[in-house]
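An overview of the molecular structure
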Amino acid sequence: MPNHQINPNQWIDLYSDYLYNYTITRVSDKEIAQDLVQDTFLAGLKSMKNFKGEASERTWLISILKRKIIDHYRKINSNKGKAEVRISYNNDSETEGDWLEERVADPFDKTAEDTMQNSELGDTIHNCLGKLPKKQADVFKMKTIQGFETEVICNELSITASNLWVIIHRARTAMADCLKENWF
């Protein structure tokens, strides 16, 4: 039996307001914030046996809540619909360097206009990548297009994780500005 004790009977009285205020600033929707706090309490109940006492109950519940918030955003961003374009980098030697685009909803349901727009978008993305500084372009390609893990990119380019996220943020911002100017 662990030495540390947690008391879920007091969680609502002690932590619900704090957790709700923490959540509402991140999701800006009252009902979603309430649901996430409730999900946090349920997850805490289910994983009580994993509580090691290395942090306070509130800190432990906040760490669960942070994961719930991240899961919420992953869920809503994973279903963006037909407007989303998936881009991959082709590695076979015959067409190396070519961009492949496909509509997420149904890649086989393309009209000539859709195909032309995807081709134009690919050209625009390629041109925007060419305008980035080399390191930003390399990091953007490795992280966003090729899907490499942070650790792999950091080791390959000899940079820290925080430096990587600064570079990727700058690259994404520059790409968004370039696409806004040249595509939309």
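The rules behind each value
Residues numbered from 1 in each chain as written. Predicted model: local features only at pLDDT ≥ 70, side-chain atom pairs only at ≥ 80, totals over all residues. Heavy atoms only, no water. UniProt positions renumbered as here; feature names shortened; annotations may be inferred. Helix = DSSP H or I, 4+ residues; strand = E, 2+ residues; numbered from the N terminus. Buried < 20%, exposed > 50% of the residue type's maximum accessible area, 1.4 Å probe, protein only. Contact = heavy atoms within 4.5 Å. Areas by Shrake-Rupley, 256 points an atom, 1.4 Å probe, with all protein chains shown as cover. Disulfide = S-S within 2.5 Å. pLDDT = per-residue confidence, 0-100. Axes fitted to C-alpha atoms, helices over the stretch in contact; angles between N-to-C directions. Parallel < 35°, antiparallel > 145°, perpendicular 65-115°, else oblique. Nonpolar A, V, L, I, M, F, W, Y, C, P; charged D, E, K, R; others polar.

- As annotated in an unreviewed UniProt entry, the protein chain carries the name RNA polymerase sigma factor and is attributed to Flavivirga aquimarina.
- Looking at the protein chain in UniProt, the text filed under Sequence similarities (unreviewed entry) is "Belongs to the sigma-70 factor family. ECF subfamily."

A closer look at the overall build of the protein chain
- Counting its secondary structure elements, the protein chain contains seven helices and two strands.
- In the protein chain, the order of α-helices and β-strands from amino to carboxyl end is α-α-α-β-β-α-α-α-α.
- Taken across its 184 residues, the protein chain has 30% of its residues classed as buried.
- Across the protein chain, contacts joining residues at least 24 apart in sequence account for 54% of those joining residues at least 6 apart.
- With the model as given, the accessible surface of the protein chain reaches about 12700 Å², and the carbon-plus-sulfur share is 49%.

Section: unusual backbone geometry
- Of note, the phi angle at Ser-28 is positive, near 55°, even though the residue is not glycine.
- Tracing the backbone through its elements, the reader meets Ser-28 in the loop between helix H1 (11-27) and helix H2 (30-46).

Re the environment of Leu-157
- Relative to the assigned elements, Leu-157 resides in helix H6 (residues 150-157).
- Sequence separation between Leu-157 and Lys-135 is 22 residues; the distance between their C-alpha atoms is 8.6 Å.
- With sequence-adjacent residues up to four places away left out, Leu-157 is seen in contact with Lys-135, Val-139 and Met-142.

Notes on the state of the cysteines
- The tally for this structure, following the rule as stated, stands at one disulfide.
- In this model, Cys-128 is linked to Cys-178 through a disulfide, with the two sulfur atoms separated by 2.0 Å. Taking the torsion about the S-S bond as the criterion, the Cys-128 to Cys-178 disulfide, at about -85°, is left-handed. With Cys-128 in helix H4 (residues 112-131) and Cys-178 in helix H7 (residues 161-182), the pair connects residues that are 50 residues apart, well separated along the chain. One exposure class covers both Cys-128 and Cys-178, and it is buried.

Describing the environment of Asp-35
- Note on placement: Asp-35 falls in helix H2.
- Through-space distance from the C-alpha of Asp-35 to that of Lys-68 is 9.8 Å; in sequence the pair is 33 residues apart.

Things to note about the confidence of the model for the protein chain
- Considering every residue of the protein chain, the mean pLDDT works out to 79; 74% of them sit at 70 or more.
- The secondary-structure element of the protein chain with the lowest mean pLDDT is strand S2 (residues 99-103), recorded at 44, while H2 shows the highest, at 93.
- A low-confidence stretch, residues 81-86 (pLDDT under 50), is modelled with 15 contacts involving residues beyond four sequence positions or located in other chains.

Remarks on the packing of H6 against H7
- Remark: H6 packs on H7, axes separated minimally by 10 Å, with the N-to-C direction vectors making an angle of 95°. One finds that H6 runs roughly perpendicular with respect to H7. Within the contact between the two elements, H6 uses Thr-150, Ile-153 and Cys-154 and H7 uses Ala-161, Leu-164 and Trp-165.
- The class makeup of the residues in the contact of H6 with H7 is five nonpolar, one polar and no charged.

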